There are 2 protein chains.
Amino acid sequence: MSEGVPFFDRVLILGLGLLGASFGGAMKAAGLAERLVGSDLNPSHLEEARALGWVDSRWDPRAKPEAFDLVFLAVPPGQVGTALEGLRPWLREDTLVMDACSVKGTVAVALEAALGAHPGLLPAHPIAGGHRAGPGAARADLFAGAPVVLCPLPCTSAESRLKGQRLWEALGAHGLWMTSEVHDRQLALLSHLPHLLAYTTMSLAAARGADLALAGPGFRDATRLAQCPAALWVDIARENREALLPVLRDFQGHLHTMMKELEGGEGAGLERRFHAARELRIRLQELP
Amino acid sequence: MSEGVPFFDRVLILGLGLLGASFGGAMKAAGLAERLVGSDLNPSHLEEARALGWVDSRWDPRAKPEAFDLVFLAVPPGQVGTALEGLRPWLREDTLVMDACSVKGTVAVALEAALGAHPGLLPAHPIAGGHRAGPGAARADLFAGAPVVLCPLPCTSAESRLKGQRLWEALGAHGLWMTSEVHDRQLALLSHLPHLLAYTTMSLAAARGADLALAGPGFRDATRLAQCPAALWVDIARENREALLPVLRDFQGHLHTMMKELEGGEGAGLERRFHAARELRIRLQELP
């Protein structure tokens, strides 16, 4: 590491969707990597990522193992085990291994099941992305200004923590350290819930024959997340269901209270609630 | 009317928030009005709208009545009756009177209660706006490309329908004709529901101590509507509660079904639902 910024000679990216391909682009743009090797279950993703220059070559797990310096795992949480098959002989003690999954509890279990108590294991979740999927939507600046949640395991070495933090800082992101439990509870509310609400709103729109010509910019913003890949978000919801179901039940409780106040016709209680909700949303707007 | 575009010598705008002030600006920019007179319960709105040039002068309902050619009513639905007090002597048979309320059924009743079966009455709802409120947020091009729902009453003359349609076309909007019932049912789903979901999500975020540093762009988009003025949206929800409550109950039903599938752990049903929801959202994205 020169001047604290780590450099990785050989990097493997598993999963070349939006996040994986963008990570390749970001590492190249920041000059942090020499050779980028990639892999994806979908052959057209791999081809496209190579053609666009997000990775240099394809990983062949059956070739003679040669150690990687960094492995970045950007697959849906339910595919972590499969994606890591055959990887173990390609790791050194100090190979940094990070994932990018939106769920951390079940993924940490899957990572350790596949790789053992590897000192280079640093579960991560960059909170960046968008509803557009695939390497064609990737951007080298995807992580600039984004928070990255880092959830170290008992096996994670101090050196890996430092290397991981500096890597993300070099990509313009800022690390936030917390346990998997806190991450999963927070993201259930701040990410998984809004996705489910967007899918539910569009389901209802279909069932009730909504006239989409009457949909304004508010409806479009409120449902944008329903454009996200369905299989990925079913996977995330299922992997995080222990944290997500209590959030959904709470949501239903809050909505039920609002409906009762609306039925009762008394506006003061409703206005207090809307007002407090608005204050918090304005506070969010004012965050950097 | 020259070349089919109507011209209005004396225009009154009641309510100088975002919609009312933008209407003044749009009328001036399109060269459709000679003199714009305005009124607002909030004296600072009136002053700001005059200073910004959205209206020329203040309406004094106690002055000697002089007929208006057009009245545009841009107040919350619950304030329609109050806003129209004293207006009747200022109307000619052919004075076009349009409102801009997000609810049409109860507003039509309030309009006729205040003005009688006036032939110039043409209830309207331009689907444009934003969460920023007040004359300072107004824009002369707010209605460009926007749909405007027009809900004529039995008393509305054919001439008023034509004049109204041509006026909105001259402002760059396109008229969609329907009954108040259809409007209120459609907007309950396409506008009032997403507002309530956004307020509910932020209420829940406050109650559960959400860490807003972890909120990504998806959460921001999904909750943007919670920045809308609380009192206005309580008023809209209450005025449209007959159409809105069944939509909210249906929403809870759909959400409950998704939760049961998530609890059951079987992903196929959930994926079918997410997939169908996504298809409809993509269709919306592809609309002009």
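The sections below set out a description of the structure shown in this document. None of the values given here were measured: they were computed from a predicted structure.

Conventions we followed
- Residues numbered from 1 in each chain as written.
- Chains lettered and ligands numbered in written order.
- Predicted model: local features only at pLDDT ≥ 70, side-chain atom pairs only at ≥ 80, totals over all residues.
- Heavy atoms only, no water.
- Helix = DSSP H or I, 4+ residues; strand = E, 2+ residues; numbered from the N terminus.
- Buried < 20%, exposed > 50% of the residue type's maximum accessible area, 1.4 Å probe, protein only.
- Contact = heavy atoms within 4.5 Å.
- Areas by Shrake-Rupley, 256 points an atom, 1.4 Å probe, with all protein chains shown as cover.
- Lys, Arg positive; Asp, Glu negative; His and termini not counted.
- Charge placed at Lys NZ, Arg CZ, Asp CG, Glu CD.
- Axes fitted to C-alpha atoms, helices over the stretch in contact; angles between N-to-C directions.
- Parallel < 35°, antiparallel > 145°, perpendicular 65-115°, else oblique.
- Left-handed = near helix turned anticlockwise from the far one by under 90°.
- Nonpolar A, V, L, I, M, F, W, Y, C, P; charged D, E, K, R; others polar.
- Least-squares fit on C-alpha atoms with pLDDT ≥ 70 in both.
- Salt bridge = Lys/Arg side-chain N within 4 Å of Asp/Glu carboxyl O.
- Polar contact = N/O pair within 3.5 Å; in protein donor to acceptor, adjacent residues only side chain to side chain.

Topic: the overall build of chain A
Thought 1: Per the secondary structure count, chain A includes ten helices and eight strands.
Thought 2: By its C-alpha atoms, chain A is 70 × 40 × 35 Å across when sized along the principal axes.
Thought 3: The burial tally for chain A puts 56% of its 288 residues in the buried class.
Thought 4: Put simply, of all contacts in chain A between residues at least 6 apart along the chain, 78% involve residues at least 24 apart.
Thought 5: As displayed, chain A has an accessible area near 11,300 Å², and 51% of this comes from carbon and sulfur atoms.
Thought 6: Averaging the positions of the 28 positive and the 32 negative side-chain charges in chain A gives two centres separated by 2 Å.

Description of the environment of G53 of chain B
Thought 1: Looking at the element boundaries, G53 of chain B is found in the loop between α2 (43-51) and β3 (57-58).
Thought 2: Along the chain, G53 of chain B and A137 of chain B lie 84 residues apart, while their C-alpha atoms are 13 Å from each other.

Here's the deal with the packing of helix α9 (residues 241-264) of chain A against helix α9 (residues 241-264) of chain B
Thought 1: It is at 11 Å that the axes of α9 of chain A and α9 of chain B come closest, and there the two elements cross at 165°. Between α9 of chain A and α9 of chain B, the crossing angle belongs to the class labelled roughly antiparallel. Crossing geometry of α9 of chain A relative to α9 of chain B is assigned as left-handed.
Thought 2: Partitioned by chemical class, the residues of the contact of α9 of chain A with α9 of chain B number 14 nonpolar, six polar and six charged.

Notes on the relation of the copies chain B and chain A
Thought 1: Each copy of the sequence occupies a distinct position, and chain B is placed on chain A by a rotation of 180° and an axial shift of 0.0 Å, giving an RMSD of 0.0 Å. Here the symmetry operator amounts to a two-fold rotation axis. By C-alpha distance to the rotation axis, the residue of chain B lying nearest is A222 of chain B, at 2.1 Å.

Structural notes on the interface of chain B and chain A
Frequently, the measure chosen for interface size is the accessible area that the parts lose on association.
Thought 1: Listed per partner, the contact involves 86 residues of chain B and 86 residues of chain A.
Thought 2: On the surface where chain B and chain A come into contact, there are six salt bridges.
Thought 3: A salt bridge links E263 of chain B to R249 of chain A; the shortest N-O distance between them is 2.9 Å.
Thought 4: On the surface where chain B and chain A come into contact, there are 23 residue pairs in polar contact (both at pLDDT 80 or more).
Thought 5: Mapped by element, the contributors of at least two residues to the side of chain B that touches chain A are β7 (147-150), α6 (180-207), α7 (217-223), α8 (230-239), α9 and α10 (267-286) of chain B.
Thought 6: Partitioned by chemical class, the residues of the side of chain B that touches chain A number 53 nonpolar, 17 polar and 16 charged.

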